[in-house]
Amino acid sequence: MDIKLDNIDRKILSELQREGRLTNQELSDRISLSPSPCLRRVRALEKKGIITGYHAHIDQEKCGLPINVFVLVKLEKPTEENMQSFEALINQMDEVLECYLMTGTHDYLLHVVSESLKTYERFIRRELTRLPNIAAIESSFAFGQVKKRTKLPI
């Protein structure tokens, strides 16, 4: 679906990505548009599925989840049925923040958070390795985060 965004839409998206709790009045002031047309445009962007929600950014370390692990998963047989089953089960795991279907030698890349190496080991032993059709799991631990950006370069 090819949706065209004009300069005003891009300004709205840029401001909302920077600060999602802006009031309509604050947003309209920042983009130099009166409040009514601004609100209509925001609602149109939501209706088109361009704005999919609003959320708060949470400090994962302060919440007791300092460990970031990137996990490559290879399925024994990556059939449509096996992939759908894997994806449904992964979507039920709270530790998995992101899951990407990949090209190359592995089928999936997972971003997993954990409170410690011990809890990550428990996750691997009790949950991930018990999923059906897993051929290989490869974990890489992040030492630190160099860059995190949630704002798309619109």
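Here the structure is a predicted model, which is why all the values come from computation and not from measurement.

(A) Expanded view of the domain arrangement of the chain. Here the chain is described as being made up of domain 1 (7-48) and domain 2 (61-142). Placing a centre on the C-alpha atoms of domain 1 and another on those of domain 2 gives a separation of 37 Å.

(B) The arrangement of the sheet that holds strand β2 (residues 96-101) in detail. An order of β2-β3-β1-β4 is seen for the 4 strands of this open sheet, with the pairing classed as antiparallel. In this open sheet, the two strands that pair with only one neighbour each are β2 and β4 (134-141). Within the sheet, the average angular offset between the axes of one strand and its neighbour, ignoring direction, is 20°. Against the sheet, helix α5 (residues 117-126) engages β1 (67-75), β2, β3 (108-114) and β4, with an angle of about 170° to β4.

(C) Molecular detail of the pairing of β1. Pairing of β1 with β3, which is carried by 7 bridges, proceeds in the antiparallel orientation. Bridging from a neighbouring strand, Val-71 pairs with Leu-110 of β3. Judged from the 7 bridges that link them, β1 and β4 form a sheet pairing that is antiparallel. From the neighbouring strand, Val-73 faces β4, where its bridge partner is Ile-137.

(D) Geometry of the UniProt feature "domain: HTH asnC-type" (unreviewed entry) in the chain. As annotated by UniProt and renumbered to match this structure, "domain: HTH asnC-type" (unreviewed entry) occupies residues 5-66. The distance from the first to the last C-alpha atom of residues 5-66 is 38 Å, and the span holds 53% helix and 0% strand.

(E) Representation of the packing of aromatic side chains in the model. Within the structure shown, the criterion is met by 3 aromatic pairs. When the centroid spacing of 4.5 Å and the interplanar angle of 35° are considered together, the rings of Phe-86 and Tyr-108 count as tilted. In this pair, Phe-86 sits in helix α4 (residues 80-90) while Tyr-108 sits in strand β3, placing the two residues 22 residues apart along the sequence. In terms of burial, Phe-86 and Tyr-108 fall into one category: buried. Taken together, a centroid distance of 5.3 Å and an interplanar angle of 80° make the contact between Tyr-120 and Phe-141 edge-to-face. Residue Tyr-120 is located in helix α5, and its partner Phe-141 is located in strand β4; the two are separated by 21 residues in the primary sequence.

(F) Structural detail: helix α3 (residues 35-47). For α3, which comprises 13 residues, the first-to-last C-alpha distance of 18 Å matches the rise-based estimate of 18 Å (1.5 Å per residue) to within 8%. Taken together, the buried positions of α3 are Cys-38, Val-42 and Leu-45. Buried residues of α3, seen end-on, are gathered within an arc of 60° and therefore sit on one face of the element. Residues of α3 that are exposed and angled more than 90 degrees away from the buried face: Arg-40, Arg-43 and Lys-47. Buried residues belonging to α3 abut α1 (7-18) and α2 (24-31). Looking at the residues trailing α3, positive phi occurs at Gly-49, about 85°.

Reading the values: the criteria
- Each chain carries its own residue numbering, running from 1 in the written order of its sequence.
- In view of the model being predicted, local features appear only for residues whose pLDDT reaches at least 70, and side-chain atom pairs are presented and counted only at 80 or more, with totals across whole chains, interfaces and linings using the full set of residues.
- Computation of side-chain values covers all heavy atoms of the structure but excludes hydrogens and water.
- Per the annotation, domain bounds derive from an automatic or database assignment of domains.
- Strand pairing follows a simple DSSP-based rule, namely that at least 2 bridges must link the two strands.
- Helical segments are the DSSP runs of H or I of at least four residues, strand segments are the runs of E of at least two, and each set is numbered from the N terminus.
- Angles shown run from 0 to 180 degrees and are taken between the N-to-C directions of axes, each axis being a line fitted to C-alpha atoms and, for helices, limited to the stretch in contact.
- Contacts between residues were defined by any pair of non-hydrogen atoms, one from each residue, lying within 4.5 Å.
- UniProt positions are given in the numbering used here, feature names are shortened, and annotations may be inferred rather than shown by experiment.
- Two aromatic rings, drawn from Phe, Tyr or Trp (for Trp, its six-membered ring), form a pair once their centres lie within 6.5 Å of each other, and the interplanar angle then sorts them: stacked below 30 degrees, edge-to-face above 60, tilted otherwise.
- Think of it in three bands: with a 1.4 Å probe and only protein chains considered, a residue is buried below 20% of the maximum accessible area for its type, exposed above 50%, and partly exposed in between.
- Multiplying one less than the number of residues by 1.5 Å gives the expected span of a helix.
- Arc, as used here, means the arc of the directions from the helix axis to the C-beta atoms.

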